[in-house]
Amino acid sequence: MARRRSRKRGGLTIPRRLTVGGHEIEVRVLSAEEWPHSKSVLGVWHAQAMRIDVLRCAKPSITEQVFLHEVLHSILSVLSQHRLNR
């Protein structure tokens, strides 16, 4: 599994793929130029595509927080906890 560091020292490793409830989820960390979503959105969980998109922010800790937020959405979605997911 290819991994990328989000910070030079001690940061969270954001994987390119992860498994949640037996489902493989693709993770894309995108630059502002690549970002296909609204400028006011920092992360998106695509349930049908089983994909998480995260905007690469200037502060790596924000990118990490957004990634974890979207992972939580994916977990709740896979567990069919739609009310909590909203």
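All values derive from a computational prediction rather than experimental measurement.

What follows concerns the environment of serine 40. Checked against the element boundaries, serine 40 lands in the loop between strand 4 (23–30) and strand 5 (43–46). A distance of 3.0 Å separates the side chain of serine 40 from the side chain of serine 38, its partner in a polar contact.

Let us look at unusual backbone geometry. Residue methionine 50 is not a glycine yet carries a positive backbone phi of 50°. Turning to its location among the elements, methionine 50 is positioned in the loop between strand 5 and strand 6 (51–55).

Side-chain alternation along strand 3 (residues 17–20) places Leu18 and Val20 on a buried face and Arg17 and Thr19 on a face that remains uncovered. Examined bridge by bridge, strand 3 and strand 4 share four bridges and lie antiparallel to one another. In the sheet register, arginine 17 faces strand 4, and the bridge partner there is glutamate 26. The hairpin formed by strand 3 and strand 4 contains two residues between the paired strands, and glycine 21 there has a positive phi angle of roughly 55°.

Moving on: the pairing of strand 5. A regular strand carries its side chains on alternate faces of the sheet. Pairing of strand 5 with strand 6, which is carried by four bridges, proceeds in the antiparallel orientation. Of the residues in strand 6, the one forming a bridge with glycine 43 is valine 54. Between the antiparallel neighbours strand 5 and strand 6 lie four residues, among them methionine 50 with a positive phi of about 50°.

Conventions adopted
Residues numbered from 1 in each chain as written. Predicted model: local features only at pLDDT ≥ 70, side-chain atom pairs only at ≥ 80, totals over all residues. Heavy atoms only, no water. Helix = DSSP H or I, 4+ residues; strand = E, 2+ residues; numbered from the N terminus. Polar contact = N/O pair within 3.5 Å; in protein donor to acceptor, adjacent residues only side chain to side chain. Buried < 20%, exposed > 50% of the residue type's maximum accessible area, 1.4 Å probe, protein only. Pairing = 2+ DSSP bridges.

Take it as geometry only, folks, not as evidence of what the structure does.
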